[in-house]
Structures are given as structure tokens and as C-alpha cells.
Amino acid sequence: MEQEKTAAQKLVDRKERLRNLHKLRQEARTHNHQEVIAEDARKKLPNNWEARKRQADWIMADEKAREEAKAEGKDYDRLKLLQISAIDAERIERKQRKKNPDGGFATFEAQTARQYARLVKNMPARDMKKYEKQRQDLGEAFYGGPNTVLHGLVKDSPDAINNMVKDLEQQIEKRKKYSRRRTYNDDADVDFINERNSKFNKKLERFYGEHTAEIKQNLERGTAI
């Protein structure tokens, strides 16, 4: 009788183990299915998604810390600088230099591109409501084309005109600081026909003089081919 109970108990134990194994298999199958779905979703994300997510998390944490410091009446920028080590400060400064590197030799086109980038950076954020309204009002003319005439369709707002005038005045004031008249050197070679041409030649010499010095010397000696 004891042997029959022992056999029955063994049978119960086996069934219990089988149920546990079946439960574990179902859990593993569910977990694997979830991992497959998550991996497929990750593959559909952009390549820089992880970096963008880390940056977004950092920005949110930074804004939260700034608001807490403001609520406590503290200067967050000063507190942040006190927590930055010398190595991190050097790394940040090196990164800032890379954003606007000074390539040395440049062309007028490069200078124009840098000025354009500076002007665009100072522009206010885009008003999407105004953008959508203008797109609906102009229709196909909004996208432009070889036969599109925008004259009379678009009217600049007074604020936009005032901003343009203000920016032009700032550029004029800035040029005045660098447009001081130089003393004239009587012994210098005369290679210009008027003052404007003299300034243009000096610009050419500043940008291209190093690269054209040998050609200029050959022309002066008469040995150029």
C-alpha cells in the first residue's frame, strides 16, 4: 500500500513538473515574440535614433534642473560651470571650435555663405500657422516655377520690413568700424585705376596673393609663358 502511494505521489510530482515546464516554455515563447517585435521596431527607426533619444533625455533633465534652480533663486549657468571639470571644459571648447572653424584661406563665395548662415541663424522661428495660410492662399504659386509671377501676390508685413531695415542698419554700422581710411604710401606700386578698384585688388591679394606670387613675379620679369 505504501508503494502504491509512493507511485501515486511520484506521478503527481511528474505532472507538477510538466506543468511548470509548460508554463516556462509559454513564458519563453511570449518573451521571444516580444523581443522579435521590439527588434523589428528598432530596425525601422533611423540610424541615429539612440543618440537623438539620449540628447532628448539630456535636454529634458537640463531643463528640469534649470527650473529647479530658478525656483530656488540660484544661477543655474554658474552652478553648471562649477560642476564641469577642466577636461570636460576643454572638450566643450574644442567642440565649439569645430562648429565654426577658421579655415584660413577662403574665397568670396565662402565669405558670402558664412554671412548667409549667420543671417539665417538670427531669423525668428517659423510661424507654421502663417505658413499654412500662405500656402493655401497662393495655391500652386506657393511652390514657384519657371512661369510663376509672385509680384502682387505676396505683401510683406510692416514687422518684416522693419526687421529688414534694422538688420541693414546694423550691417552699415558694422562696416563703418572697418572702413577707416588707410594712409597712402607713395612708394607703393600703382595697380589700380580708382579707390574702389584699389580695395578690390587688396582683397584679391589677401585671398589669392600667396598662391599667385610666383605668377606675378614671372609676369614682372617677363619670363612667364
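Treat the numbers as computed from the prediction; the structure is a model and nothing was measured. (Residues numbered from 1 in each chain as written. Predicted model: local features only at pLDDT ≥ 70, side-chain atom pairs only at ≥ 80, totals over all residues. Heavy atoms only, no water.)

1. Brief notes about the overall build of the protein
What counts, and what does not: Secondary structure elements follow DSSP: runs of H or I of four or more residues count as helices, runs of E of two or more count as strands, with numbering from the N terminus. Note on definitions: a residue-residue contact is assigned when non-hydrogen atoms from the two residues lie within 4.5 Å. Using the Shrake-Rupley algorithm and a 1.4 Å probe, accessible areas are obtained, with residue cover drawn only from the displayed protein chains.
Along the protein, the regular secondary structure elements total eight helices and zero strands. Listing every helix and strand of the protein by position from the N terminus yields α-α-α-α-α-α-α-α. Expressed as a percentage of contacts within the protein between residues at least 6 apart in sequence, the contacts between residues at least 24 apart total 33%. With an accessible surface of roughly 21900 Å², the protein has 53% of that area assigned to carbon and sulfur atoms.

2. Let's talk about a negative patch on the surface
To be explicit about the condition: Patch membership needs two things, relative accessible area over 30% and no salt bridge, and members are linked within 9 Å if like-charged or within 5 Å if nonpolar (Val, Leu, Ile, Met, Phe, Trp, Tyr). Any Lys or Arg side-chain nitrogen located within 4 Å of an Asp or Glu carboxyl oxygen qualifies as a salt bridge. Under this rule, positive means Lys or Arg and negative means Asp or Glu; His and the chain ends count for nothing. Here the site of a charge means atom NZ of a Lys, CZ of an Arg, CG of an Asp or CD of a Glu. Here's how the labels work: a residue is buried when its accessible area is under 20% of the maximum for its type, exposed when over 50%, partly exposed in between, all with a 1.4 Å probe on protein chains only.
A contiguous patch of negative charge on the surface is contributed by Asp189, Asp191, Glu205 and Glu220. Note on Glu220: relative accessible area 58%, which makes it exposed.

3. Points about the confidence of the model for the protein
Basically, it comes down to this: pLDDT is a residue-level measure of predictor confidence that goes from 0 to 100.
Within the protein, residue pLDDT values average 79, and 88% of them lie at 70 or more. Model confidence for the protein, summarised as mean pLDDT per element, is weakest for helix 4 (residues 86-99) at 75 and strongest for helix 8 (residues 195-221) at 85.

4. Points about the side chain of Gln171
Put simply, the rule is: Contacts described as polar in this section are N or O atom pairs within 3.5 Å, which, within protein, must combine one atom able to donate a hydrogen with one able to accept it, while residues neighboring in sequence count only if both atoms come from side chains.
Here Gln171 is to be found in helix 7 (residues 158-178). For Gln171, a relative accessible area of 16% gives the class buried. One polar contact links Gln171 to Asp167, side chain to side chain, over a distance of 2.7 Å. Setting aside its immediate chain neighbours within four residues, Gln171 contacts Gln115 and Leu119.

5. Regarding the pattern of salt bridges
Within the structure shown, the criterion is met by six salt bridges. Two residues, Lys53 and Asp57, come together in a salt bridge whose shortest N-O distance is 3.4 Å. In this pair, Lys53 and Asp57 are both assigned in helix 2 (residues 49-71), four residues apart and thus about one turn of the helix distant. Looking at Lys53, the relative accessible area reads 41%, which means it is partly exposed. According to the relative accessible area criterion, Asp57 is partly exposed, its value standing at 40%.

6. Looking at helix 8
Threshold: One less than the residue count of a helix, multiplied by 1.5 Å, gives the span that helix is expected to have. One fitted axis covers the seven residues ending at a residue, a second covers the seven starting there, and the bend at that residue is the angle between these axes.
If you check helix 8, its first and last C-alpha atoms are just 27 Å apart, much less than what 27 residues at 1.5 Å a residue would give, namely 39 Å. At Gly209, helix 8 shows its largest kink, close to 85°. Those residues of helix 8 not exposed but buried are Ser198, Asn201, Phe207, Gly209 and Asn218. As for helix 8, its buried residues are in contact with helix 5 (108-121).

7. Focus: a nonpolar patch on the surface
Residues Ile161, Met164, Val165 and Leu168 make up a contiguous nonpolar surface patch of roughly 340 Å² in combined accessible area. If you trace the backbone, Val165 turns up in helix 7.

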